[in-house]
Each structure stands twice: as structure tokens, then as C-alpha cells.
Amino acid sequence: RAADAPGGSGSTVPYRDEDYGFQISVPATWEVSRQRLSGRRRGVFFTDPGSRSGDDGTIETLGYVAYTPLRDDFTSLGSFGSVDDVAQATILPKGELAG
């Protein structure tokens, strides 16, 4: 929950994306920046200005939403393959994590 996040004042504001039809709540004190990325992608970044490091200005608290539009030839979720195919391609096996 955004209100429980570090730097959250307990009060939240909605971030609405009318194009993609969703809304999330973020701490009212956080800053929002939007970026256009290559390949029709977008990124929306939420940062807590109170978490900035005094030494080098590094932001300690960050939330983001990344958008990657699907190509027109992906007409269904099956276009990505079976659930097992997607899991094998996107989820790192536990053995590789353990070394």
C-alpha cells in the first residue's frame, strides 16, 4: 500500500491512466515523471523527494509503471505460447539463483 511506503504521509492521491484504463494510489508527497521510451514504450516513475541521499542525491524510494504495447499480430494471450513456455522464458529457475 502506498500509504505504508517509506516517505508516505498516510495520505494518497490517485494516478489515473485514461489510455490504459487503470488507477493506482501513490503517496501525496511523491513526485511523478513520465518518459517516452523506444518502441512505443512509456515509463511513469514515482519518487519520494524525502529519500534523496545527502551525499550524492541518489533516490532511495522509487515506484514505477512500465508500458510495453503489444503488436497488432498478438491477437490473444496464446500468441505468447503456453503457460509453461512463458514460465520457462521469464522465470529464472531456482537452481540458478542458489548458484
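See the structure above.
Keep in mind the model is a prediction, meaning the values are calculated, not measured.

Undergrad: For this particular structure, what's the right way to read the overall build of the chain?
TA: Broken down by element type, the chain carries two helices and five strands. Start at the N end of the chain and walk to the C end: the helices and strands fall as β-β-β-β-β-α-α. Evaluated residue by residue, the chain yields a buried proportion of 19% over its 99 residues. Nonlocal contacts in the chain, meaning residues at least 24 apart in sequence, comprise 25% of its contacts between residues at least 6 apart. When the accessible area of the chain is evaluated, it comes to approximately 7500 Å², of which 51% is carbon and sulfur surface.

Undergrad: What's the story with the nonpolar core in this structure? I'm lost.
TA: Generally speaking, a soluble globular protein has its nonpolar side chains buried in company with each other. Listed in full, the seven residues of the largest apolar core are Y15, V26, W30, V44, F46, V65 and Y67. Among the elements of the structure, β4 (42-47) and β5 (62-67) are those that each provide at least two residues to this core.

Undergrad: Looking at this structure, I do not really get the side chain of D48. What am I missing?
TA: Its location among the elements puts D48 in the loop between β4 and β5. Side-chain polar atoms of D48 contact the backbone nitrogen of G50, separated by 2.9 Å.

Undergrad: Hey, could you run me through the sheet that holds strand β3 (residues 31-36) in this one?
TA: Whether parallel or antiparallel, the strands of a sheet pair through hydrogen bonds between backbone atoms. Strands sit in the order β3-β4-β5 across an open sheet of three strands; the sheet is antiparallel. A single partner strand is all that each edge strand has here, and the edge strands are β3 and β5. In this sheet, neighbouring strand axes are inclined to one another by 15 degrees on average, regardless of whether the strands run parallel or antiparallel. Two strands pair when backbone bridges link them, and β4 and β5 are joined in this way by six bridges, in the antiparallel orientation. Within the sheet, the bridge partner assigned to R42 lies in β5 and is Y67.

Undergrad: Help me understand the environment of G10, please; the structure alone is not making it clear to me.
TA: Position of G10 among the secondary structure elements: in the segment before β1 (12-17). According to the relative accessible area criterion, G10 is partly exposed, its value standing at 47%.

Undergrad: Would you take a moment to explain the pattern of salt bridges for this structure?
TA: Note on pairing: side chains with opposite charge can pair once their charged atoms come close. Applying the stated criterion across every chain, the model contains two salt bridges. One salt bridge connects D19 with R42, and the closest N-O pair in it is separated by 3.6 Å. Placement of D19 in the loop between β1 and β2 (22-27) and of R42 in strand β4 is noted, with a sequence separation of 23 residues between them. Judged by relative accessible area, R42 falls into the buried class, the value being 17%.

Conventions adopted
- Residues numbered from 1 in each chain as written.
- Predicted model: local features only at pLDDT ≥ 70, side-chain atom pairs only at ≥ 80, totals over all residues.
- Heavy atoms only, no water.
- Helix = DSSP H or I, 4+ residues; strand = E, 2+ residues; numbered from the N terminus.
- Buried < 20%, exposed > 50% of the residue type's maximum accessible area, 1.4 Å probe, protein only.
- Contact = heavy atoms within 4.5 Å.
- Areas by Shrake-Rupley, 256 points an atom, 1.4 Å probe, with all protein chains shown as cover.
- Core = buried A, V, L, I, M, F, W, Y, C linked by side-chain atoms within 4.5 Å.
- Polar contact = N/O pair within 3.5 Å; in protein donor to acceptor, adjacent residues only side chain to side chain.
- Pairing = 2+ DSSP bridges.
- Axes fitted to C-alpha atoms, helices over the stretch in contact; angles between N-to-C directions.
- Salt bridge = Lys/Arg side-chain N within 4 Å of Asp/Glu carboxyl O.

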